[in-house]
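# Observations on the three-dimensional arrangement
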Amino acid sequence: SWDPYLAQDYSFTRFPPGARVLDIGFGRGRQMRDAEQFGARAFGIEYSRELAARGAAEGLKVCRGSAEQLPIVSASVDGVICKVVLMLTDEARSVAELARVLRPGGIARVAYHGLGYSLKYLWSDPDWKRRVYAVRTIANTAVYRATGRRLPGFWGDTLFQTTPRLQKYYRASGLELLSEHPSPRFAGAPVFIYHTLRKRP
């Protein structure tokens, strides 16, 4: 279970009433529904055709799209939710797109996989497939950090994130890291990384 490693006190969904909030990679729509409970106007983007169709069928305001090319007008949202999506995308492009759609002063609440996520799979998971997933995530990230390129095919489909690397993307995109929320670690490495960001004026 990942529950011991989650920052249970971190809220992705507390936005002011009336705020226009975009959930990038909304999955089953839980964050969107929670944001609406606080009075936000939430809508979502999902790459998975199946999840996008399910969200629409359940009455959520959603469409299909990718984090690297959001079908959203620039500076048009007050808030962004993005929960463990970046590892499957082109990081720099996704962060730049997140920043593009946020209005100046807008807030993003984002979570990532850290190295500890892969280490936990590698050292304590009985399923060899998940251990292989961990090895290729670590190997791909090492190559990516050294060369700026992913490994080909299956080996290069996912990365873990680090705050220093993310900070480079933030600076390039006009985002400010307001806070990094503390969360439990595995073998001294962050399992999940929680960042609250603001679009600079």
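Fair warning: this is a prediction, and the values are worked out from it, not measured in the lab.

## Focus: the overall build of the protein
Scanning the protein for helices and strands turns up six helices and nine strands. For 201 residues, the compact-globule formula gives about 17 Å, and the C-alpha radius of gyration of the protein, at 17 Å, lands near that figure. Based on the C-alpha atoms only, the size of the protein along its principal axes is roughly 45 × 35 × 35 Å. Relative to its full complement of 201 residues, the protein shows a buried share of 48%. Taking the intrachain contacts of the protein between residues at least 6 apart in sequence as the baseline, contacts between residues at least 24 apart amount to 62%.

## Regarding the pattern of salt bridges
A complete count under the given rule lists ten salt bridges for this structure. Ionic pairing is found between D78 and R103, a salt bridge with its closest N-O pair at 2.6 Å. On the criterion of sequence distance, the pair formed by D78 in strand β4 (residues 77-83) and R103 in strand β5 (residues 102-113) is long-range, its members being 25 residues apart. A relative accessible area of 22% places D78 in the partly exposed class.

## Quick look at the pairing of strand β2 (residues 41-46)
Counting buried positions along β2 gives five out of six residues, so the element sits mostly inside the fold. Taken together, strand β1 (residues 20-24), helix α1 (residues 30-37) and β2 constitute a β-α-β crossover, and its handedness is right-handed. Of the pairings in the sheet, the one linking β2 to strand β3 (residues 62-64) comprises three bridges and is parallel in character. Residue pairing in the sheet places I45 in a bridge with C63 of β3.

## Things to note about the packing of aromatic side chains
Per the stated rule, a full pass over the model turns up 13 aromatic pairs. Look at W2 and Y121: their rings are 5.3 Å apart centre to centre, the planes differ by 85°, and that puts the pair in the edge-to-face class. Highlighted residues: W2 in the segment before β1 and Y121 in helix α4 (residues 115-124), separated in sequence by 119 residues. Since its relative accessible area comes to 13%, Y121 is described here as buried.

## Re the sheet that holds strand β6 (residues 175-181)
If you walk across this open sheet you meet the seven strands as β3-β2-β1-β4-β5-β9-β6, and the pairing is mixed. Where the open sheet ends on each side, the last strands, each with one partner, are β3 and β6. Taken over all neighbouring pairs, the strand axes of this sheet differ in orientation by 20° on average, direction set aside. Across six bridges, the pairing between β6 and strand β9 (residues 192-199) is antiparallel. Along β9, the bridge assignment pairs S179 with T196. With respect to the sheet, helix α3 (residues 91-101) is in contact with β1, β4, β5, β6 and β9, its orientation differing from that of β5 by roughly 145°.

## Some details on α4
Residues G116, Y117, S118, L119, K120 and Y121 constitute the buried set of α4. In the core, the buried residues of α4 are packed alongside β5, α5 (128-147), β7 (185-186), β8 (189-190) and β9.

## Observations concerning a positive patch on the surface
A surface patch of positive charge is lined by R145, K168, R171 and R200. Within the secondary structure, R145 is located in helix α5. What makes R145 exposed here is its relative accessible area of 56%.

Reading the values: the criteria
Residues numbered from 1 in each chain as written. Predicted model: local features only at pLDDT ≥ 70, side-chain atom pairs only at ≥ 80, totals over all residues. Heavy atoms only, no water. Helix = DSSP H or I, 4+ residues; strand = E, 2+ residues; numbered from the N terminus. Rg over C-alpha atoms; globule rule 2.2 N^0.38 Å. Buried < 20%, exposed > 50% of the residue type's maximum accessible area, 1.4 Å probe, protein only. Contact = heavy atoms within 4.5 Å. Salt bridge = Lys/Arg side-chain N within 4 Å of Asp/Glu carboxyl O. Right-handed = clockwise from strand over helix to strand, strands pointing away. Pairing = 2+ DSSP bridges. Phe/Tyr/Trp six-rings, centres within 6.5 Å; stacked < 30°, edge-to-face > 60°. Axes fitted to C-alpha atoms, helices over the stretch in contact; angles between N-to-C directions. Patch = residues over 30% accessible without salt bridge, like charges linked within 9 Å, V, L, I, M, F, W, Y side chains within 5 Å. Areas by Shrake-Rupley, 256 points an atom, 1.4 Å probe, with all protein chains shown as cover. Lys, Arg positive; Asp, Glu negative; His and termini not counted. Charge placed at Lys NZ, Arg CZ, Asp CG, Glu CD.

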